[in-house]
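Commentary on secondary and tertiary structure
Spelled out, the chains give:
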Amino acid sequence: MQKGIHPTFQKVIFLDASVGFSFLSASTKTSTETMEWEDGQTYPVIRVDSSSASHPFFTGKQKNTEIGGRVDKFKKRLSYKR
């Protein structure tokens, strides 16, 4: 890799403030907001809108809006016209 053309890769805390869930990971994003992690070190904080703790797909609260597929819709429409 060439020096000076790549962004800095560092550890950051991703914080889902809607449920208070946070996790430590590595990213090229940075922030002026910092927080102390469980290991006693201070890392930049990136706030996210949703995470696995709050997204409906991962929490099991997702609603299936499509009951049937295209074939079922066609058969329903065909049987209605008769």
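Being a predicted model, the structure only gives us computed values, none of them experimental. (Residues numbered from 1 in each chain as written. Predicted model: local features only at pLDDT ≥ 70, side-chain atom pairs only at ≥ 80, totals over all residues. Heavy atoms only, no water.)

1. A short note on the nonpolar core
Of all hydrophobic cores here, the largest spans five residues; its members are Ile13, Leu15, Trp37, Tyr43 and Val45. Secondary structure elements with two or more residues in this core: strand 1 (10-16) and strand 4 (42-47). Those residues in contact with Val45 that sit more than four places away from it in its chain are Ile13, Leu15, Ser31, Glu33, Thr34 and Met35. (Core = buried A, V, L, I, M, F, W, Y, C linked by side-chain atoms within 4.5 Å. Buried < 20%, exposed > 50% of the residue type's maximum accessible area, 1.4 Å probe, protein only. Helix = DSSP H or I, 4+ residues; strand = E, 2+ residues; numbered from the N terminus. Contact = heavy atoms within 4.5 Å.)

2. So, the packing of aromatic side chains
In the structure shown here, the tally under the stated rule is two aromatic pairs. Relative to Phe23, the ring of Phe14 lies with its centre 5.4 Å away and its plane at 25 degrees, an arrangement referred to as stacked. Take Phe14: its relative accessible area is 13%, and that puts it in the buried class. With 5.9 Å between their ring centres and 40 degrees between their planes, Phe21 and Phe23 make a pair best called tilted. For Phe23, a relative accessible area of 34% corresponds to the partly exposed category. Taken together, the ring pairs connect Phe14, Phe21 and Phe23 into an aromatic cluster. (Phe/Tyr/Trp six-rings, centres within 6.5 Å; stacked < 30°, edge-to-face > 60°.)

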